[in-house]
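Observations on chain architecture
Residues per chain, in single letters:
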Amino acid sequence: MAPESVDRAPLISIERLAELLGVGKEKTPVGTVTLLDVRWSLTGPPGRDLYAAGHIPGARFVDLDHQLAGPQAPNGVGGRHPLPNAEDFQAAMRALGVSDDRTVVVYDAADSTSAARAWWLLRYFSHSDVRVLDGGYAAWAAAGLPTISGDTPGTSELGAATGAGNFIAVPGAMPVIDADRAAKLAVEGVLLDARAAARFRGDVEPIDPVAGHIPGAVSAPTRDNVGPDDRFLPTEILRTRFASLGANGLNGREVGVYCGSGVTAAHEVLALELSGIRAALYPGSWSDWITSPDRPVAAGE
């Protein structure tokens, strides 16, 4: 197995997933993993359409906007993708076949940006064994591994679990911060902004009504966590990157991460975990920060 395909928890390689699913074997394991397809984009085609066109056999489609987020508040407080409550998230995950005693593998189109949101939420709600497919659907398909089309997963495809799950959602297993704590971290710790650098600087803002960043935050685009192949960079390179931003895990400085609405920030938290650094997520992120006129806004580098 090539070095870049070796699993690095909480990642899983396409080779290891194929092994768990029994690809190429006469008899395949039953219910080895629960496989979730989390393809989503703010500007691209709907994820469900991509899923219907082709997905990994046994995978179930997850709607990020509705199953991985709670309803938006009328005043915008909580951001564009608020955390779902435990009861709703538990029901959604059980319907997708998620159980406490079974590994969950999540994937998206390629770079794990939206898959990381599912990974983080499942971890936050106390599932102990969640893996992100490094390279996503693109890597799986490019390797010539089996795919299937259609809008439903079927009942006996490879070794992916089917049927309802028994997952119990207990919130609080991953650290979170609110706006006040984010402001404090920007001064006393390290607050990373996972959005594109142009949005951090305030040069452009295609989504939210106010441009700029939280004063004291450090620009750390999540795109820089992956290589040209959309797989996560080697651990040592990630460690070097975060150390250059002030997050080295050794200086005792608490690390927090935000983005536009708490989705790509989860990808940054995942990259930090790969580096051995525990980081807190600001779920409401920039879209929550700007709901209060009393909170300051910075622009530029």
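Just so you know, these numbers come straight off a predicted model, no measurement behind them. (Residues numbered from 1 in each chain as written. Predicted model: local features only at pLDDT ≥ 70, side-chain atom pairs only at ≥ 80, totals over all residues. Heavy atoms only, no water.)

1. A short note on the pairing of strand 4 (residues 103-107)
Put simply, the rule reads: Throughout this description, buried means an accessible area under 20% of the type-specific maximum (1.4 Å probe, protein chains only), exposed means over 50%, and partly exposed covers the range between. In this text, helices come from DSSP runs of H or I with a minimum length of four residues, and strands from runs of E with a minimum of two, each type numbered from the N-terminal end. Following DSSP output, two strands are said to pair if at least two bridges run between them. Here is how to tell: hold the view so the strands point away, follow the path from the first strand over the helix to the second, and if it runs clockwise the crossover is right-handed.
Of all 5 residues making up strand 4, 5 are buried, and the element is well covered by its neighbours. Neither face of strand 4 is open: one carries Thr103, Val105 and Tyr107, the other Val104 and Val106, and all of them are buried. Of the strand pairs in this sheet, strand 2 (residues 33-37) and strand 4 are connected by 5 bridges, and their pairing is parallel. Paired with Thr34 across the strands is Val104, a residue of strand 4. Bridge analysis of strand 4 against strand 5 (residues 130-133) gives 3 bridges, and the strand direction is parallel. Within strand 5, the position partnered with Val105 by the bridge is Arg131. Once the chain exits strand 4 it traverses helix 5 (residues 113-124) before rejoining the sheet at strand 5, and the crossover so formed is right-handed.

2. Concerning the packing of helix 9 (residues 235-244) against helix 10 (residues 264-274)
The following threshold applies: Throughout, an axis means a line fitted to C-alpha atoms (over the contacting stretch in the case of helices), and angles, computed between N-to-C directions, take values from 0 to 180 degrees. An angle below 35 degrees is read as roughly parallel, one above 145 as roughly antiparallel, one from 65 to 115 as roughly perpendicular, and any other as oblique. The hand of a helix crossing depends on one turn: near helix anticlockwise from the far one by less than a right angle means left-handed, and clockwise means right-handed. In this description, contact between two residues means that some pair of their heavy atoms is separated by no more than 4.5 Å. For this classification, Asp, Glu, Lys and Arg are treated as charged, while Ala, Val, Leu, Ile, Met, Phe, Trp, Tyr, Cys and Pro are nonpolar and the rest, including Gly, are polar.
It is at 8 Å that the axes of helix 9 and helix 10 come closest, and there the two elements cross at 110 degrees. Considering their axes alone, helix 9 and helix 10 lie roughly perpendicular with respect to each other. Where helix 9 crosses over helix 10, the two elements pack in a sense that is left-handed. Contacts between helix 9 and helix 10 pair Thr235, Leu238, Arg241 and Phe242 from the former with Glu268, Ala271, Leu272 and Leu274 from the latter. Residues belonging to the contact of helix 9 with helix 10 are distributed by class as follows: 5 nonpolar, 1 polar and 2 charged.

3. Details of the nonpolar core
Selection criterion: As used in this record, nonpolar core signifies buried Ala, Val, Leu, Ile, Met, Phe, Trp, Tyr and Cys residues forming a set joined through side-chain atoms within 4.5 Å.
If you look at the biggest cluster of nonpolar residues, it comprises 51 residues, and the most contacted ones within it are Leu36, Met93, Val106 and Leu122. The biggest single contributor to this core is helix 5, with 8 residues. If sequence neighbours within four positions are ignored, Leu122 has contacts with Leu36, Phe89, Met93, Val98, Val104, Val106, His127, Val130 and Phe167. Of all hydrophobic cores here, the second largest spans 20 residues; its members include Ala18, Ile56, Tyr137 and Ala139.

4. Here's the deal with helix 7 (residues 179-188)
To keep it simple, the criterion reads: Each C-beta atom gives one direction from the helix axis, and the arc is the one those directions make. Here a polar contact is recorded for every N or O atom pair within 3.5 Å, except that within protein the pair must consist of a potential hydrogen donor and a potential acceptor, and residues adjacent in sequence are included only if both atoms are side-chain atoms.
Turning to helix 7, its buried residues number three or more, namely Ala179, Ala182, Leu185 and Ala186. Angular distribution of buried residues about the axis of helix 7 spans 115 degrees; they occupy a single face of the element. Of the exposed residues in helix 7, the ones pointing more than 90 degrees away from its buried face are Asp180, Val187 and Glu188. N-capping of helix 7 is provided by Asp178, with a side-chain oxygen placed 3.3 Å from the backbone N of Asp180.

5. As for the sheet that holds strand 1 (residues 11-12)
As summarised here, the arrangement of the 5 strands in space is 1-5-4-2-3, forming an open sheet in which the pairing is parallel. Strands with a single pairing partner mark the edges of an open sheet, and in this sheet they are strand 1 and strand 3 (60-61).

6. Overview of the side chain of His55
By the element assignment, His55 lies in the loop between helix 2 (47-53) and strand 3. Within the structure, His55 has its side chain in polar contact with the backbone oxygen of Tyr51 (distance 2.8 Å).

7. Considering the pattern of salt bridges
Going by this rule: Basic side-chain nitrogens of Lys or Arg form a salt bridge, by our definition, when they fall within 4 Å of a carboxyl oxygen of Asp or Glu.
Overall, the coordinates contain 18 salt bridges when judged by the stated rule. Close ionic contact of Arg39 with Asp37 constitutes a salt bridge, the shortest N to O distance being 2.7 Å. Residue Arg39 is classed as buried on the basis of its relative accessible area, which comes to 6%. We note a salt bridge from Arg201 to Asp203, for which the minimum N-O separation is 2.7 Å. Bridged by salt links that share partners, the residues Arg80, Asp193, Arg195, Arg199, Glu205 and Asp208 form one connected network.

8. Quick notes on unusual backbone geometry
Phi is mostly negative for residues that are not glycine, and the peptide bonds are mostly trans. Omega for the bond connecting Ala9 with Pro10 falls within 30 degrees of zero, at 5 degrees, which places this linkage in the cis form. As for its placement among the helices and strands, Pro10 is situated in the segment before strand 1. Despite not being glycine, Ser112 has its phi angle at roughly 70 degrees, a positive value. The backbone of Ser126 shows a phi angle near 80 degrees, a positive value even though the residue is not glycine. On the basis of relative accessibility, which here comes to 33%, the residue Ser126 falls in the partly exposed class.

9. A short note on the environment of Leu133
By the secondary structure assignment, Leu133 is in strand 5. On the basis of relative accessibility, which here comes to 0%, the residue Leu133 falls in the buried class. For the pair Leu133 and Asn248, spaced 115 residues apart in the sequence, the C-alpha separation amounts to 25 Å. Each residue touching Leu133, except ones within four places of it in the same chain, is listed here: Ile12, Ser13, Ile14, Leu17, Ile56, Val105, Val106, Tyr107 and Ser112.

10. So, the sheet that holds strand 6 (residues 190-193)
Hydrogen bonds between backbone atoms are what pair the strands of a sheet, whose relative direction is either parallel or antiparallel. The 4 strands are arranged 7-6-8-9 in an open sheet whose pairing can be described as parallel. Strands with a single pairing partner mark the edges of an open sheet, and in this sheet they are strand 7 (218-219) and strand 9 (279-281). Where strand 6 lies against strand 7, 2 bridges are found, and the strand directions are parallel. Among the inter-strand pairings, Leu192 is bridged to a residue of strand 7, identified as Val218.

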